[in-house]
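# Inside the fold
What follows is the residue order along each chain.
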Amino acid sequence: MMFFMDGCNKVTEQASDYLDGNMSLPKRLKMRIHLLICNHCRNFVHQLEITIGAIKGLGCTKPVSDEDVEDQVKKLIEARKRE
Ligand SMILES: [Zn+2]
């Protein structure tokens, strides 16, 4: 059963690849199984999905780098906390 289980750290690291569809099928399946059983990571991925959707919805025409996304994600999370 451990084969199917990724740690939460790994899921957090790979969450943006997962949302981009930039992930092999076996990895995706492991991720999905983890998300089914782990409430914490499910919330995290959901939050990230909303945030990335918001960034892409801002009309960025240039490709967004991982650093940009990470930066924006942090800013948006901070901004949300202050609301
Ligand atoms: Zn988890």
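Residues numbered from 1 in each chain as written. Predicted model: local features only at pLDDT ≥ 70, side-chain atom pairs only at ≥ 80, totals over all residues. Heavy atoms only, no water.

The biggest cluster of nonpolar side chains holds 14 residues, and the ones touching the most others in it are Tyr18, Met31 and Leu35. Those elements that place two or more of their residues in this core are helix H1 (8-20), helix H2 (25-37), helix H3 (39-56) and helix H4 (66-82). Per element, the largest residue contribution to this core is five residues, and it comes from H3. Every residue in contact with Tyr18, bar those within four places of it in the chain, is listed here: Met23, Arg28, Met31, Arg32, Leu35 and Val45. (Core = buried A, V, L, I, M, F, W, Y, C linked by side-chain atoms within 4.5 Å. Buried < 20%, exposed > 50% of the residue type's maximum accessible area, 1.4 Å probe, protein only. Helix = DSSP H or I, 4+ residues; strand = E, 2+ residues; numbered from the N terminus. Contact = heavy atoms within 4.5 Å.)

What follows deals with the coordination of the zinc ion. Of the protein atoms, only Cys8 (SG), His34 (NE2), Cys38 (SG) and Cys41 (SG) coordinate the zinc ion, at distances of 2.0 to 2.3 Å. One can describe the site at the zinc ion as tetrahedral: its four donor atoms subtend angles covering 103 to 114° at the metal. Between consecutive donors of the zinc ion, the numbers of intervening residues give the motif C-x25-H-x3-C-x2-C. Given the relative accessible area of 2%, His34 is considered buried. (Donors = N, O, S within 2.8 Å, 3.2 Å for Na, K, Ca; no water. Tetrahedral: all angles 85-135°; square planar, octahedral: opposite > 155°, others 65-115°.)

Another point: the layout of surface pockets. Counted as a void, the largest pocket has a volume near 400 Å³. Along the wall of the largest pocket there are 20 residues; nearest its centre are Ser16, Leu48, Asp66, Val69 and Glu70. Only H1, H3 and H4 provide two or more residues apiece to the lining of the largest pocket. Counting residues per element, the lining of the largest pocket draws most heavily on H4, which supplies seven residues. Broken down by class, the residue content of the lining of the largest pocket amounts to nine nonpolar, three polar and eight charged. (1 Å grid on protein atoms, 1.4 Å probe; cavity = no way out; pocket = protein on both sides within 12 Å on 5 of 7 lines; lining within 4 Å. Points joined across faces, edges and corners; volume = space filled by probe spheres on them. Nonpolar A, V, L, I, M, F, W, Y, C, P; charged D, E, K, R; others polar.)

This part is about H1. The first and last C-alpha atoms of H1 sit 19 Å apart over 13 residues, in line with the 18 Å expected at 1.5 Å per residue. Helix geometry: H1 is bent most strongly at Gln14, by close to 50°. The complete set of buried residues in H1 reads Val11, Gln14, Ala15 and Tyr18. In this structure, the buried side of H1 is in contact with H2 and H3. Looking at the residues trailing H1, positive phi occurs at Gly21, about 75°. (Expected span 1.5 Å × (residues − 1). Bend = angle between axes of the 7 residues up to and from the residue.)

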